[in-house]
Structure formats: C-alpha cells, structure tokens
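Here is how the chains run, residue by residue.
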Amino acid sequence: FQVYDGGMVVARMARLGPQRFDVLVGLDALVRPRPGFSDRRLRARAEVGRLFDGDRLRVAMRGEVFADQFIASIQGPDDRPPDARGALLEASLRLGRVDVERMRHVGVALELRQAIGAHSDRDGARPWSSLVVEMQAFAAPGVRWNVALRTQAAVQNATPVHLRGFLGGLDRVRGYVDNRLRADAYAFANLEVRHVTFDSTWLAVLPVAFLDAALANDDRPGRGSTGLVATGAGVRLLVPRFVRTGLRIDVAVPLREATCRTVACPGLAVGVYQFF
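First, a word on scope: everything that follows refers to the structure included in this document. All values reported here derive from a predicted model rather than from experimental measurement. (Residues numbered from 1 in each chain as written. Predicted model: local features only at pLDDT ≥ 70, side-chain atom pairs only at ≥ 80, totals over all residues. Heavy atoms only, no water.)

1. Here we look at the environment of A233
Tracing the chain through its elements places A233 in strand β14 (residues 224–238). A relative accessible area of 42% means that A233 is categorised as partly exposed. In the structure, A233 is positioned 32 residues away from T201 in sequence and 25 Å away in space, judged by C-alpha atoms. If near-sequence neighbours (up to four positions away) are discounted, A233 is found in contact with V208, A209, F210, D250 and V251. (Helix = DSSP H or I, 4+ residues; strand = E, 2+ residues; numbered from the N terminus. Buried < 20%, exposed > 50% of the residue type's maximum accessible area, 1.4 Å probe, protein only. Contact = heavy atoms within 4.5 Å.)

Have a look at this one:
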C-alpha cells in the first residue's frame, strides 16, 4: 500500500455529565482517491453537542485542522492541486431523533450544517463556506420490515477542488463509477426497503432493495448538469451484539446511462453496517 497506508483513532462519549452533552475527538491519516489526484489527509477534529428534549434537539460545534498532500491519481490523468493546509468551524442543528430497535431504524431527523473554512496553498490563503441540509426518515411496518429514506442537498462557495461534493460509487449513488460527479451544488436521495430475514445473537441477515438518485452541475469542463439514477439489491450481515458492525454488499444497475464508459455495469458496493 505504501503511500496509501492510513489509520484512524476516534474517542466518543455519548453522555457527558447530567446536562447531556456528547463529545467526539479524532485523529486520522487517510487517503481518498479522486479523479486526477488522491488526497492524503492528516486531520484532527473535535465536536461538542448539547442535547435537549430527550435527544430530539441537538446543537453542536465542530472544529477541524488538516493538511492535504496530493499524490498521483489512480483514476485517470494526473491533475494534482498544490499541497495545502486548512481549518474549518461547523455549527449544526438537528431536529428529531432516529432510534435503533434491534436491527431496524425508526424515527425522523432533520439536520442543518453550516461550515466556514480557510484554505492555504502556494497561491495564498482564501476562505470558503458550505451549507448542508439532510433528512432521514425510517418506518418499521410489521415485525420484520424497515423502510428507510435519506435526502441531502448542499451548496458550497469557493470550496477547494478536493473538498467539493463528489457523487457516485461508494457512498451516495451506487452503480456508478466512484466520484462520477463533482459539484458545488448537488442533491441526492436514497430509498431502501430492508427485511430482517434472520436474527440471532451473533448474526442477522437483512436483504435490501434500493433506489438511488442524484442531480448536480458537474464543474469539470464539458460535463454540465447531470442526473444519476440507479437501482439494485444487496444484503447486510450484521452482528447484533455489537453496535454498527457487520458487512454490507450491494449490487446496483444504473438507469440513465446505456454505456459502460461512466458506469460500473453493474456496480458493486462493499462496506460496513448500513448504507445510512
């Protein structure tokens, strides 16, 4: 792996004192491949949240400092930006609450995140900002079904190339090549129907059917406004005794593009726990 080696250390306290604060601190050194470059980032972060009304209201502040070293791309031609340093401060507000009842999620939550940051490289220092709105809604009809919806929209201003919104592939729209779209403004949605087919102490099996969609104005030359739509199915092999553990495997088929130049035909997405 050489320059792609990395690791993460995170400490999270879900309840701090009688006033119901939660605290998270983390340090990570990870590499994220992007078209034209790979971002090798060293980052330190801390977040403090205050919980109200039985956790149905959360107000939080998060701070980060990071250093980005850009290395040769494993996706397409070499188009590296200059190495950089930066910091951000983000305020967030969450209304509502999502609970996990055994293997199923229930509840509705709406979250607003406003961030301001500064970015410095060989061309000088400059500020940027971003606004993200996300909604998650879960219903649990019957004793084994779970219907899950996530929607997110974001607007960014003067954001550095490596911090813009990337859609496709691993974490937002399955079935397309990773980083298919890169934009300062975008929206996407994920709809899943999950079924708890098998549930024991150490293993739960959940087949899933899903639909993913996104719309963004790709800022790379010749791309323009593009929509992505994909559907597919997968399975979750979860460990009920441990929180957020298990294997996720999804296979997705793109619905909007007929060729294999920009899609995975079909796409395989492998991860940990649920998609969201």
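2. Focus: the packing of aromatic side chains
Geometry of an aromatic ring pair is reported as the spacing of the ring centres plus the angle between the planes. Throughout the structure, instances matching the rule amount to five aromatic pairs. Between Y186 and F188, the ring centres sit 6.3 Å apart and the planes meet at 15 degrees, which makes this aromatic pair stacked. Residue Y186 is classed as buried on the basis of its relative accessible area of 8%. Ring centres 5.8 Å apart and planes at 45 degrees place the aromatic pair W202 and F242 in the tilted group. Of the two residues, W202 is situated in the loop between β12 (198–199) and β13 (204–218) and F242 in the loop between β14 and β15 (246–254); the sequence distance between them amounts to 40 residues. For W202, a relative accessible area of 52% gives the class exposed. An aromatic cluster is present here, built from F138, F275 and F276 joined pairwise through their rings. The cationic tip of R34 hangs over the ring face of F166; the distance from NZ or CZ to the ring centre is 4.0 Å. For R50, the ring lying beneath its charged end belongs to F21, and the centroid distance is 5.3 Å. (Phe/Tyr/Trp six-rings, centres within 6.5 Å; stacked < 30°, edge-to-face > 60°. Lys NZ or Arg CZ within 6 Å of the ring centre and 35° of its normal.)

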